[in-house]
Structure formats: structure tokens, C-alpha cells
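Architecture and fold: a report
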Amino acid sequence: MRLAEGTPGARILAFGGYQPTRVVTNDELAQTVDTTDEWIQSRVGIAERRIAGPDETVADMAVAAGGKALAASGLGPADIDLVIVATCTPEAPIPNVAATVATRLGIVAPGAFDLNAACAGFCYALGTAADAVRAGTSRHTLVIGAEKLSQWVDWTDRSTCIIFADGAGAAVVGPVPAAEADAGPGIGPVVWGSDGAMADKIFIKDRDSFIFQEGQAVFRWATTALHPVARQACERAGVDPSELAAFVPHQANLRIIEAIARKLGAPQAIVATDIIHSGNTSSASIPLALSAMIERGELGSGSAVLLLGFGAGISYAAQVVTVP
Amino acid sequence: MAMTDQEILDGLGEIVDEVAGVPADQVTPDKSFVDDLDIDSLSMVEIAVAAQDKFGVEIPDDELKNLKTVQDVVNYVHNAEVSA
């Protein structure tokens, strides 16, 4: 028996994002639940969010984001041999979203699976993809985070309906060419973990239930336990936080984002605040935020960016990547 | 050695200033966090976390709703230190 022929490292070739067209403002929510724009902005930092249409599926959004990333990468469907969709809101347990998305993008017979690590899903999927490419079991992997959280939200519950939203973000992962191996890998080692003892802090009880979140407990955990994970990801990648061009944490709550960023201590880093206009889109939030930053020209090619996903499980994952 | 109430109050003032930007001299015993200092439930969590670092006293989420005034927190820290 022998191993597949590996590569020196994996990198991200391109990003793509998709958001539904319907914008729901805080004022619109205030018409149906007892809340105000000021209250929402001060507690969670969200001004507006995007909500999918009634017939728009997780797969539809994943196809839109994945297609954009694929087009931007310069590769064709035939170059992709693995598709991973990070999602916790698929329409049904089977079939998985990934195989459907692959076929709709014209990708023939790839490895295809869904991955559920809730809001940490994209970082888990990216870590898995990077390892597959590095080990030589995939040449190019399409990684997508896609969620339709709106269908799992109680729209009469003012503590959750103000937070969650829909969308998808994607990245194409490929090998670092041997000639460029000296520049180092484009995706650093993933630092991942979980704690099932806190499973009751964020959950959906059953198929007839909605998202429940113990806000204070999650806030306390996120603002105390995660900056060491973020620092560890930097350490494993050999990148000092002071060298980071950007910090893109899961867009859970602006006050969590700001607290982690303050404790991380990355003075040069632009901190992603996509939540203001996108809400919390779980596994889609990191690639959505990062692709928007790249589109706006805020990050130069080759700059180092720290990703940090965290959420239900509870689960978390972080890695440093370089901008394509 | 246990801290005096004045020392706890001074430390709490520094924390509130850092967490919520409320000047420490406004953090007086009779002030209500919500009504007088405009501090919400998430900031109370941040204050609890900072208090744990500063005083070595853990304030669980379940206790936070009972701590309405600055004096309530001073008492809580004081009592936790005495029983520790």
C-alpha cells in the first residue's frame, strides 16, 4: 500500500459570496416584535440583515456563492474533485446539499459531503479541505458555507429573530505550486475544538422547534475562551498577531467581535464587521465578510488574515490564511 | 487579606470605566447599573468577567440579575471573599 502524492501546502485561490436580495431593517422587525433599532444596534450591532425568499433554498445560495468563487479562481468545474458544504440548516437530512450543488455547478462525480459544526463550520471545512489537498486526496476543493437560518427562527421571539440571517460564502482551495513552496502555505494549521458540556447554550430541540440561545452564557464564553484559540492559530502558523492584515471572526454579535479583537491584540488588523449589514449567517459569515473585504480592495494579495469560527456544539476553529 | 469595601469600590470603578466608558468617580454605591449608569446585561457579563480577574471572585450569570446597584456588587464580592 502507498500514500497519495501530497503537495507542500494548500492555499485559497478565490472567494465568492451570495446574499438574498431582501433586506430586513430593524424598523421592519420593530413593527412585529417589541424592539427598537437603537436596542438592536446597541446589543448586537446589526442594522439590517438579508433574508432568503420563501422558495430560495440553502442549495440555491450555495450554488450562487460557489459559482462565483469558481469563476473567480480561473478554474473550471472539471478541475474540482471535492465539494464540502458547511451548513446546519439543510432542507432535509438526505440527500446532502454538497452533491446537489456540485451537479448544478457542472462538477462531475466529486467527493461531496455536508459538514455541521454550526457557526464554526466554514473553518472546519476549510481545514479539512486544506488537509485533503495537502495529502493529495483532492487536487482542488470547493468549500462553501451556506445557511437559511430564517426558517429556524421564531419570528415572534425578539431575542433571536433580530440576530439570524441567510446567505452563502465560498472558497476554492488548491495546492501551492512547488515553485512557490518557499513562500509558505496559504492556509495555516487549523486549531479546532469543542465542548459538548455547553450543548444546551445554543440549540434547536427538534424539527418543530426554533433556535434557542442563552445569550449571557454564550457572550461570557465567547469573550473569555476564544482569544486564546485565535492566538494559538497564529502561533501554529508562525504569524504574530501584529502581522495580521485582518481579523475575520464569525459575525455573531458586534460586541463579541470587538471584545475578542481587543483581547487578541492585533493593532494593524482590519476587523470584519460585516454583521452590521448582514446579520449572523452562521457558517456563511466568515467567507461572506472576507470576500466583501477583498472586493472592496481592503486587503492586498498575500496578506495574512486570521479566521475564527465559533458557535453551537459548542465548537470552534481558527486558522491563518493568505489572501489570494 | 480581604479587601476593604472602599478598595472593592475603587476596583469596580476602574472596571466599569474600562468596560462601559463610565468615569470611575460616577460609580458610587447607590447607583443602579441599568437606570443610572446605562449598563446593559451584556456589559454586566463583561463586568463580572473583569471582576473575576481583579478580585478572584466568580459571579455566575444567574447572580447577575440580583446585582442591581454598585453596592450589591461590592457586597457580593465582600461576602465571597469572607467565605472563601
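Residues numbered from 1 in each chain as written. Chains lettered and ligands numbered in written order. Predicted model: local features only at pLDDT ≥ 70, side-chain atom pairs only at ≥ 80, totals over all residues.

**A short note on helix 4 (residues 70–83) of chain B**
Residue and element names in this part refer to chain B. Between the first and last C-alpha of helix 4 there are 20 Å, a value that for 14 residues agrees with the 20 Å anticipated at 1.5 Å per step. Taken together, the buried positions of helix 4 are occupied by V70, V73, V74, Y76 and V77. Each buried residue of helix 4 lies within a common arc of 160° when the element is viewed along its axis, so the set occupies one face. In helix 4, those exposed residues whose orientation departs by more than 90 degrees from the buried face are N79, V82 and S83. (Helix = DSSP H or I, 4+ residues; strand = E, 2+ residues; numbered from the N terminus. Expected span 1.5 Å × (residues − 1). Buried ≥ 20, exposed ≤ 12 C-beta atoms within 10 Å, placed from the backbone. Arc of directions from axis to C-beta.)

**As for the interface of chain B and chain A**
Contacts between chain B and chain A engage seven residues on the former and eight residues on the latter. A per-element tally of the side of chain B that touches chain A places helix 2 (residues 41–55) of chain B first, with five residues. Classifying every residue of the side of chain B that touches chain A gives three nonpolar, one polar and three charged. (Contact = placed C-beta atoms within 7 Å. Nonpolar A, V, L, I, M, F, W, Y, C, P; charged D, E, K, R; others polar.)

**Side note on the domain arrangement of chain A**
All names here are of chain A. When the domains of chain A are assigned, the result is domain 1 (10–181) and domain 2 (184–322). Placing a centre on the C-alpha atoms of domain 1 and another on those of domain 2 gives a separation of 15 Å. Listed per partner, the contact involves 49 residues of domain 1 and 45 residues of domain 2. Mapped onto the side of domain 1 that touches domain 2, the elements with two or more residues apiece are strand 1 (10–18), strand 3 (48–51), helix 5 (121–135), strand 6 (141–148) and strand 7 (166–175). (Domains from an automatic or database assignment.)

**Some thoughts on unusual backbone geometry**
Residues and elements named next belong to chain A. The omega angle of the peptide bond from I94 to P95 is -5°, so this bond is cis rather than trans. Its place among the elements puts P95 in the loop between strand 4 (82–86) and helix 4 (97–104). Put simply, G313 and I314 share a cis peptide bond, and its omega is -10°. Here I314 shows up in the loop between strand 13 (304–311) and strand 14 (315–322).

**A few points about the pairing of strand 5 (residues 111–115) of chain A**
Bridge count between strand 4 of chain A and strand 5 of chain A: five bridges; the pairing is parallel. Its bridge partner being in strand 5 of chain A, V85(A) is matched across the sheet by D114(A). (Pairing = 2+ DSSP bridges.)

**Topic: the packing of helix 3 (residues 58–73) of chain A against helix 4 of chain A**
The angle between the axes and the distance between the axes are what describe a pair of packed helices. Residue and element names in this part refer to chain A. Between helix 3 and helix 4, whose axes approach to 9 Å, the crossing angle comes to 50°. Taken together, the axes of helix 3 and helix 4 are oblique relative to one another. In the crossing of helix 3 with helix 4, the sense of the turn from one axis to the other is right-handed. Across the interface between the two elements, V58, A59, A62, V63 and G66 from helix 3 touch V97, T100, V101 and R104 from helix 4. Looking at the contact of helix 3 with helix 4, its residues break down into six nonpolar, two polar and one charged. (Axes fitted to C-alpha atoms, helices over the stretch in contact; angles between N-to-C directions. Parallel < 35°, antiparallel > 145°, perpendicular 65-115°, else oblique. Left-handed = near helix turned anticlockwise from the far one by under 90°.)

**As for the sheet that holds strand 8 (residues 191–194) of chain A**
Residue and element names in this part refer to chain A. Read from one edge to the other, the open sheet built from five strands follows the order 8-14-13-11-12, with strand pairing classed as mixed. One side of each edge strand has no neighbouring strand; the edge strands of this open sheet are strand 8 and strand 12 (270–271). Sheet analysis places strand 11 (residues 246–249) next to strand 13, joined by four bridges and oriented parallel. Along strand 13, the bridge assignment pairs A246 with V305. Sitting on the sheet, helix 6 (residues 215–237) is in contact with strand 8, strand 13 and strand 14, with an inclination near 35° to strand 14. The strands that helix 9 (residues 285–295) touches are strand 11, strand 12 and strand 13; relative to strand 11, the one it contacts most, it runs at about 150°.

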